[in-house]
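# Topology and contacts: notes
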Number of protein chains: 2
Amino acid sequence: MTLYQNLANRLREHIQHGFFKPGEKLPSVRQLAQEHGVSISTVQEAYRQLEQDFLVEARPKSGYFVCFRKKDNLPSISRPPQRPLEVSQWEEVLNMLMIRSNNKGVQLQHAMPDMAAPTLKPLLKTLADLSKQKPELGLGYADIRGIEELRTQLCRLTVASGCQLHPDDLVVTSGCQEALSVCLRAVTEPGDIIAIESPSFYGSMQAIKAANLKAMEIPTHPETGISLEALELALDQWPIKAIFVTPTCNNPMGYTMPEDKKEQLYRLAQSYDIAIIEDDIYGDISYQFPRPKTIKSFDTDGRVLLCSSFSKTIAPGMRVGWIAPGRYRDKVTHIKYVSSSMCPVLPQLAIAKFIRLGGYTKHIRQMRQRYEKQRDHLLNAIKTYLPNDTKVSYPDGSFILWVELNPCIDSMALVERCREEGVGFAPGPLFSATGKYRNCFRLNFSEQSMEKREWAIKTLATILLSFEQP
Amino acid sequence: MTLYQNLANRLREHIQHGFFKPGEKLPSVRQLAQEHGVSISTVQEAYRQLEQDFLVEARPKSGYFVCFRKKDNLPSISRPPQRPLEVSQWEEVLNMLMIRSNNKGVQLQHAMPDMAAPTLKPLLKTLADLSKQKPELGLGYADIRGIEELRTQLCRLTVASGCQLHPDDLVVTSGCQEALSVCLRAVTEPGDIIAIESPSFYGSMQAIKAANLKAMEIPTHPETGISLEALELALDQWPIKAIFVTPTCNNPMGYTMPEDKKEQLYRLAQSYDIAIIEDDIYGDISYQFPRPKTIKSFDTDGRVLLCSSFSKTIAPGMRVGWIAPGRYRDKVTHIKYVSSSMCPVLPQLAIAKFIRLGGYTKHIRQMRQRYEKQRDHLLNAIKTYLPNDTKVSYPDGSFILWVELNPCIDSMALVERCREEGVGFAPGPLFSATGKYRNCFRLNFSEQSMEKREWAIKTLATILLSFEQP
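Residues numbered from 1 in each chain as written. Chains lettered and ligands numbered in written order. Predicted model: local features only at pLDDT ≥ 70, side-chain atom pairs only at ≥ 80, totals over all residues. Heavy atoms only, no water.

Before going further, it helps to examine the domain arrangement of chain A. Residue and element names in this part refer to chain A. Each assigned domain of chain A is listed here: domain 1 (3–67), domain 2 (72–78 + 99–116 + 362–468) and domain 3 (118–358). Here the C-alpha centroids of domain 2 and domain 3 sit 25 Å apart. The interface of domain 2 with domain 3 comprises 39 residues on the first partner and 41 residues on the second. Note on domain 2 versus domain 3: buried area summed over both sides is about 3,300 Å², and carbon and sulfur give 61% of it. Along the contact surface separating domain 2 from domain 3 lie 0 salt bridges. Of all the secondary structure elements, the ones that give two or more residues to the side of domain 2 that touches domain 3 are α13 (359–385) and β13 (400–404). (Domains from an automatic or database assignment. Contact = heavy atoms within 4.5 Å. Buried area = accessible area lost by both parts, 1.4 Å probe. Salt bridge = Lys/Arg side-chain N within 4 Å of Asp/Glu carboxyl O. Helix = DSSP H or I, 4+ residues; strand = E, 2+ residues; numbered from the N terminus.)

As structure tokens, then:
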């Protein structure tokens, strides 16, 4: 056994015996080298081995951490019904949307970012200054594609995800919800079938419903995303018009589809000559640096409509989203115009300046790091307080994760009980066209206070106990 | 001949001989009584007679004015093709939307209100204060129906148009364009037929196109609006799903449908059991006081979806519109949610406060008076400079009017030539599903500067001269 294997085995044992806990920082390379009297490169090799085994992970500028990634803890690949279906569950979505946050409890149902971050202050100051000094800029009509300053900055930003866009390739929207709705309407006719991941974000699915489309839910793996094999079978069997995916920091699962699978998905769309709507709303808060590439980055023939917004990276109240619609630009521009005419100008100007002066990059860097820590803490709390048979997704970005409880638990009933106690989460059936995932729910971990998050999980655990008694 | 008839005849002669010009203020009742040695009531009776003859009009708190209302000067009732058609003209609309205003010319193509009014200052101050003092209010998610403070104030406002609404009856939207689009989608299925006025606002028509509907253009009278007789014939002949009208301060004609005709239109919709989408975006700047009733005010069974916004009364950049969707509330809420999720909060809060403290009522009162004067001035300029065969609508509200030139003039070519000279207007074909009204155009008279408006008409006249030479 080589020196590095020896060291790797020792560290593995420590982790397996809980001496180092999931999410905990491991000793630095230098420290381990001194402690064990080995070279720096030996320690690095040992860590590399453990990384390959998914036991530890390297975080830029922070060091090595114990992974949560244990296959037996992940939800299994989803098995949605294998036929196109109309989307239901609007009543349930509406009920959840109508719940107001109150200070008494911990509301983890909305995918709301942490908006108290000090790194947002320059943006808020710009907005306040513009409102005061140049209110006239916010009054008139403006370019229906969005203001050029913002489209230019968006082109700069998307270089990080492998895209080369021109300001004329972009259309600014009222958040990502409008972007998704407009794209759906641009690439389909009523009655068409759309292939989606399962589970999928309820907002996308309700847009599918409103556009009179049918959803073909495709089995989805909690680590690698939509099953390309199942998708290909579905494409053979049904006249699917477009694929609608959130492949980077998926909502609700948090996974990022590996780059080679993204490219394969694009090739599949090419061979069946269909469009891809790619929701990248969480892409900039992937914990990887540089951030993962988009499917759009492989797009050579304009069939990918990339949608995003600043709702998860800055704040949803800004209502600034955008589309890179590829070959569908003219139709997208038309539908955007009839959908809500132009977007308010001041938030666009403020965000453009925030990006231009580097404030945005600084902000998301800090948020990425914070969310990653908060994920680890939440995963720990779930492991500590929730039943042993609980499965949980392992987000590599965003601030949401997906919990799968014992199949006998009904999350719709659970959410009711938890609401009474002041804990909110998004029940699983909202994420399926047909109300599947009754034993699942989505949790938001952007909440800064560790105590609050822990209290929420403890409360949930207590309520769950009463549920398990038949 | 009685005293009052005698006086009326004298005044009529003065008007007919141009001693009092169209739009000019007539002597006060007191002044005339003294001058002619008759009683106040005799003068009042004389004016009443002239009002009945459409020679003079009374304006609240201002006195009597010489009317422009001459039947031979109005465009004739429209004669659109009598079958449902797909809407075209998007390229033309897009071209116009993309023209930026520049300071060199006078751009009268956009229906943009005067936003330099000092009465808007309190609103702008509130917005600036909120942005500075409570930026957090603008960050999070909010009620998808719009904030309650605003919906409450909207209920107060709509009392003036004869409505009795509850905050729960309202859904706030991103301007009126979203309101119209959402309503269209809520009451139709793709392929359905919508009856509309002709000419009609291009934004509504493009929304009809985007929703995969067909437009049935109904003959429309420039003083009384959509022809109920023609509408009834169309309803007999075609499976029309809804009627879409702008009956108060119509865009582009400016007329207000008389109240009894509004009620008849509602009864017609009832007897054919179809919905009415009522666009009231200009209703609050009717020159009448109190403002005209809406069709919605007659609605007893919830079939009227009333749409409006503050884009014409305050500023389009606010992007605050709303719907009173009647019995279609649930569907409207769903489509609004998928269309763009919730609306930005700060503009809603600022407008709610502006209404609550009386600023809005004060503002529109001043704008009404100013726009009425500017209408008279523009009508005078048109009469003075444009050819004698020019016909022009007589708006009784709003800040837009419709000009019909000699049938040999092509307004699409005219608009190109005028653009070179720095004068912008909206060419007629944009207001028809099929590109009719080639010899017509819409002018905006919200521009404050009398000189600029006059210069625009003179420039137009000069260019027209070169057009008429074959």
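After that view, the rundown keeps rolling.
Under the definition given, this model contains 24 aromatic pairs over all chains. Both rings, one in Trp402 of chain A and one in Phe431 of chain A, keep their centres 5.2 Å apart while their planes meet at 80°; by these two values the pair is edge-to-face. With a gap of 29 residues between them, Trp402 of chain A in strand β13 and Phe431 of chain A in the loop between β15 (426–427) and β16 (440–444) connect regions that are remote in the sequence. As far as the burial class goes, Trp402 of chain A and Phe431 of chain A line up, both buried. Stacked on the ring of Tyr394 of chain B, the Lys or Arg Arg375 of chain B has its end atom at 4.3 Å from the ring centre. (Phe/Tyr/Trp six-rings, centres within 6.5 Å; stacked < 30°, edge-to-face > 60°. Buried < 20%, exposed > 50% of the residue type's maximum accessible area, 1.4 Å probe, protein only. Lys NZ or Arg CZ within 6 Å of the ring centre and 35° of its normal.)

Now for the relation of the copies chain B and chain A. Here two copies of a chain appear, and what relates them is a rotation about an axis with a shift along it. Relative to chain A, chain B is turned by 180° and slid 0.0 Å along the rotation axis, the superposed coordinates differing by an RMSD of 0.1 Å. This pairing of chains is accounted for by a two-fold axis. Nearest to the rotation axis, the C-alpha of Ala128 of chain B is located 3.0 Å from it, this being the minimum over chain B. An overlap of 100% is found between the interface residues of chain B and their copies at the interface of chain A, pointing to a shared contact surface. (Least-squares fit on C-alpha atoms with pLDDT ≥ 70 in both.)

Moving on to the state of the cysteines. All names here are of chain B. The final tally for this structure, using the stated rule, is 0 disulfides over all chains. Looking at the unpaired Cys163, the closest cysteine sulfur is the one in Cys155, lying at 9.7 Å. With relative accessibility at 3%, the residue Cys163 sits in the buried group. The structure places no disulfide on Cys249, whose sulfur is separated from the nearest cysteine sulfur, that of Cys176, by 13 Å. By relative accessible area, Cys249 is classed as buried at 0%. (Disulfide = S-S within 2.5 Å.)

Glancing now at unusual backbone geometry. Residue and element names in this part refer to chain A. Here the bond from Asn251 into Pro252 is cis, since omega is 15°, no more than 30 degrees from zero. Take Pro252: it is sitting in the loop between β8 (240–245) and α10 (259–271). For Arg319, which is not a glycine, the phi torsion comes out positive at approximately 50°. Inspection of the secondary structure puts Arg319 in the loop between β10 (304–309) and β11 (321–324).

This brings us to the sheet that holds strand β6 (residues 214–221) of chain A. Residues and elements named next belong to chain A. Reading across from one edge, β4-β11-β10-β9-β8-β5-β6-β7 is the order of the 8 strands in this open sheet, with mixed pairing throughout. Each edge of the open sheet carries a strand with a single partner, namely β4 (171–173) and β7 (225–226). Bridge count between β8 and strand β9 (residues 275–279): 4 bridges; the pairing is parallel. What sits directly across from Ile243, in β9, is Ile276. (Pairing = 2+ DSSP bridges.)

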